[in-house]
Amino acid sequence: MKKYDQISFPQGFFWGATTASYQVEGDNHNDWSEWEKSEERMSDLRARGLIEKYGLENFISGQASDHYVRFQEDFKIAKELGHNATRISIEWSRIEPEEGKFNGEEIEHYKKVVAILRELGIEPFVTLWHYTLPVWFSRKGGFKNENSPEIFARYCAYVVEKLGDRVRFWVTINEPELYADDSYLGGVHPPQEKSRMSQLLVIYNLIRAHCKAYEVIKELSRNAKVGIAKNNQYFEAYQNKWANRLRKRFKDWWWNFYFLNQINDYQDFIGLNHYFYHRINCGFNENRTQKVSDMGWELYPEAIYHVLMDLTRYHKPIYILENGLADAKDEKRAWFIYETLKNIHKAINEGVDVKGYLHWSLLDNFEWREGFWPKFGLLEIDRETFERKIRPSANFYRDVCIANGITEGIVDAHQSLIAPEFSNTSTQQREEG
């Protein structure tokens, strides 16, 4: 196998993985748990033959990964895997189950979560809202409600005041544009609207909500660092044709930059979630998809380099808060991490201030609309016993985390996982296609 020079990451680089409360905790009650069991949802699943294919239990979150109970076990494994950071989220519906009434027992739970992370030497990146809404807030219109920014900021203030200086990094909102698209334009997530006006209103209110939350957090914790988790994608103008460049420019402006432009004075860092590459060739998404995940998403690790270079315009430190793939057989995950990290390192060498990489996900989890069948975890979860099993790719990633980079010894030790047959398609091959 080809030998590579050692790749070292900056001192103090954060290595770890990510979870989201609803996807891993279990036994939540919010707008998603109600929607999962709705007749509208069941009818859609039956019509598409998905219940027959995967079973009804696949689409009901239930105990999820039982992380609410087993969080100490999970984080101790993460520590053994060399992680020095993790991203978690607070479940709003647990903290404020009724409007204006906060649950002290639940905030105590999250205090314990943060405490064990601190004890283990793992830096917590805490997300205040990751898609799910308290039922009462959903019934008030959610983020369509004109008062939603103030309501959200009030919740944020309570959590930040209670957790205090235990948390340095706060993520206010996860993937605002994706939430607005899926819930209010595409209609595939609750409340399943299909309205451009609703989508734009929600984006507008999420911008306001983030800015108000930013101000509140900075008032309560002056040393806090505040940002969002922004889903950015790489749009490639095939063969640099003018029509493709024009389409790329519009897509970049609306999807990648618009929200960040609006909050630029209200963010201390950019949290990057990155999964998707789209080749534009007269139309959008003209990909060759030669290498794909179990969900059919193209695996093109070079894309993250371009996304990171685009973010230099904001002159903010960047923390990669999500990046990963569904890979039940664990055949491509190590290769994907390996190639992705090489492209991140390339961007760092060219001046991009990347300060951390958190892989999605620490655990197999409930993957929203798709349910349990996609397997994103570094840890495999037995759906019957909830036993945790470390996947081979997690051991490769462990060695990288501990070494703070990639050495020839690491490559040699994990050749079977980062084998040449999974190497990236060359630019020449893609252009010829």
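Residues numbered from 1 in each chain as written. Predicted model: local features only at pLDDT ≥ 70, side-chain atom pairs only at ≥ 80, totals over all residues. Heavy atoms only, no water.

Participant: Mind laying out helix H11 (residues 196–220), listing which residues take part and the relevant values?
Facilitator: For H11, which comprises 25 residues, the first-to-last C-alpha distance of 36 Å matches the rise-based estimate of 36 Å (1.5 Å per residue) to within 8%. The distance from a side-chain oxygen at the start of H11 to the backbone nitrogen of Met 197 is 3.4 Å, and the residue carrying that oxygen is Ser 195. (Helix = DSSP H or I, 4+ residues; strand = E, 2+ residues; numbered from the N terminus. Expected span 1.5 Å × (residues − 1). Polar contact = N/O pair within 3.5 Å; in protein donor to acceptor, adjacent residues only side chain to side chain.)

Participant: Please provide a residue-by-residue account of unusual backbone geometry, values included.
Facilitator: In this chain, Pro 190 is followed by Pro 191 through a cis amide linkage whose omega measures 10°. Turning to its location among the elements, Pro 191 is positioned in the loop between helix H10 (176–184) and H11. Here the bond from Trp 360 into Ser 361 is cis, since omega is 10°, no more than 30 degrees from zero. Checked against the element boundaries, Ser 361 lands in the loop between strand S11 (354–360) and strand S12 (379–381). Non-glycine residue Trp 368 carries a positive phi angle of around 50°. Inspection of the secondary structure puts Trp 368 in the loop between S11 and S12.

Participant: Run through the packing of helix H13 (residues 303–310) against helix H14 (residues 333–349), naming residues and quoting values.
Facilitator: Axes are the key here: two packed helices are described by the angle between their axes and the distance separating the axes. The geometry of H13 relative to H14 is characterised by a closest axis approach of 8 Å and an angle of 30° between their N-to-C directions. Taken together, the axis directions place H13 and H14 in an arrangement best described as roughly parallel. The way H13 lies across H14 gives a crossing that is right-handed. Of H14, the residues touching H13 (which contributes Ile 304, Tyr 305, Leu 308 and Met 309) are Thr 340, Asn 343, Ile 344, Lys 346 and Ala 347. (Axes fitted to C-alpha atoms, helices over the stretch in contact; angles between N-to-C directions. Parallel < 35°, antiparallel > 145°, perpendicular 65-115°, else oblique. Left-handed = near helix turned anticlockwise from the far one by under 90°. Contact = heavy atoms within 4.5 Å.)

Participant: An account of the confidence of the model for the protein is needed here, citing residue identities and associated values.
Facilitator: On average, residues of the protein carry a pLDDT of 94, and 95% of them reach 70 or more. Residue range residues 422–433 is modelled with pLDDT below 50. Its contacts to residues more than four positions away, or to other chains, number 28 contacts. (pLDDT = per-residue confidence, 0-100.)

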